Amino acid sequence: MKARIWAVLPAAGRGTRFGGEVPKQYLDAHGKTLIAHALDALVAHPGIDGLMVALAADDPRWPGWTSRHGKPLLHCTGGGERADSVLAALHALPAQVGDDALILVHDAARPDLHAADLDRLIDIASTHA
């Protein structure tokens, strides 16, 4: 049986270094937010089983998605730093994900993710336990 593959997206940042009133992950790019583009790129990959998004505790912009294109989309409260958000997301993964799962971490404000890059990353990571 193949190991499960989940993606973690830290998205708790407020974009203070970036500036502006809207955090980067919620900026619009061609009719969708950057986070929507990033999520869609990940769920489009047939090997990815689900996603966990780490959000700010009081994030008013999160649309409340619980699935994306038929795959589970869970969320948790992130931390003050990116590493804290990643750790919170890892701890929040459901037990059925399993200890042998491959977990990919991708920034929520980076929408330009190509399937071929994901294929290569998954292939390399899967061959090196």
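Preceding this section is the structure that the text describes.
Residues numbered from 1 in each chain as written. Predicted model: local features only at pLDDT ≥ 70, side-chain atom pairs only at ≥ 80, totals over all residues. Heavy atoms only, no water.

## Considering the overall build of the protein chain
In step 1: When helices and strands are tallied, the protein chain shows three helices and seven strands.
In step 2: Its helices and strands in sequence order give the protein chain the pattern β-β-β-α-β-β-β-α-β-α, from N to C terminus.
In step 3: Here the C-alpha radius of gyration of the protein chain, 14 Å, is about what a compact globule of 129 residues would show, namely 14 Å.
In step 4: Counting over 129 residues, the protein chain shows a buried share of 40%. (Helix = DSSP H or I, 4+ residues; strand = E, 2+ residues; numbered from the N terminus. Rg over C-alpha atoms; globule rule 2.2 N^0.38 Å. Buried < 20%, exposed > 50% of the residue type's maximum accessible area, 1.4 Å probe, protein only.)

## A word on the packing of aromatic side chains
In step 1: Under the definition given, this model contains one aromatic pair.
In step 2: Ring centres of tryptophan 62 and tryptophan 65 lie 5.4 Å apart, and the angle between their planes is 75 degrees; this geometry places the pair in the edge-to-face category.
In step 3: Across the ring face of tryptophan 65, the terminal group of arginine 68 is positioned such that the distance to the ring centre comes to 4.1 Å. (Phe/Tyr/Trp six-rings, centres within 6.5 Å; stacked < 30°, edge-to-face > 60°. Lys NZ or Arg CZ within 6 Å of the ring centre and 35° of its normal.)

## Section: the environment of lysine 24
In step 1: By the secondary structure assignment, lysine 24 is in the loop between β1 (5-11) and β2 (28-29).
In step 2: Along the backbone, lysine 24 and serine 85 are 61 residues apart, and their C-alpha atoms lie at a distance of 16 Å.

## Overview of the sheet that holds strand β5 (residues 67-68)
In step 1: A sheet is described by the order of its strands in space; here five strands give the open sequence β5-β6-β4-β1-β7, paired in mixed fashion. At either margin of the open sheet sits one strand with a lone partner, and together these are β5 and β7 (102-105).
In step 2: Two elements, strand β4 (residues 50-55) and strand β6 (residues 71-77), share five bridges in a ladder whose sense is parallel. Directly across from methionine 52, in β6, lies its bridge partner leucine 74.
In step 3: The strands touched by helix α2 (residues 82-92) within the sheet are β1, β4, β6 and β7, with β1 carrying the most contacts at an inclination of about 140 degrees. (Pairing = 2+ DSSP bridges. Contact = heavy atoms within 4.5 Å. Axes fitted to C-alpha atoms, helices over the stretch in contact; angles between N-to-C directions.)

## Describing the pattern of salt bridges
In step 1: A full pass over the atoms with the stated rule returns three salt bridges.
In step 2: A salt bridge links aspartate 40 to arginine 68; the nearest nitrogen and oxygen atoms lie 2.7 Å apart. Remark: arginine 68 occurs in strand β5 and aspartate 40 occurs in helix α1 (residues 34-43); sequence separation between them is 28 residues.
In step 3: Owing to a relative accessible area of 12%, aspartate 40 belongs among the buried residues under this scheme.
In step 4: Relative accessible area serves as the criterion here: at 13%, arginine 68 is assigned to the buried category. (Salt bridge = Lys/Arg side-chain N within 4 Å of Asp/Glu carboxyl O.)

## With respect to the nonpolar core
In step 1: Within the largest apolar cluster, 21 residues are counted, with the highest numbers of intra-cluster contacts made by Leu9, Ile35, Leu39, Leu51, Val53 and Trp62.
In step 2: Elements with a contribution of two residues or more to this core: β1, α1, β4, β7 and α3 (115-126).
In step 3: Element by element, the count of residues in this core is highest for α1, at five residues.
In step 4: When neighbours within four sequence positions are excluded, isoleucine 35 is seen to be in contact with Ala11, Gln25, Tyr26, Val53, Trp62 and Ala108.
In step 5: Ranked by size, the runner-up nonpolar core spans nine residues in total, among them Trp6, Ala89, Leu93 and Ala101. (Core = buried A, V, L, I, M, F, W, Y, C linked by side-chain atoms within 4.5 Å.)

## Topic: unusual backbone geometry
In step 1: Despite not being glycine, histidine 30 has its phi angle at roughly 55 degrees, a positive value.
In step 2: Here histidine 30 shows up in the loop between β2 and β3 (32-33).
In step 3: The backbone of histidine 69 shows a phi angle near 50 degrees, a positive value even though the residue is not glycine.
In step 4: Mapped onto the elements, histidine 69 comes out in the loop between β5 and β6.

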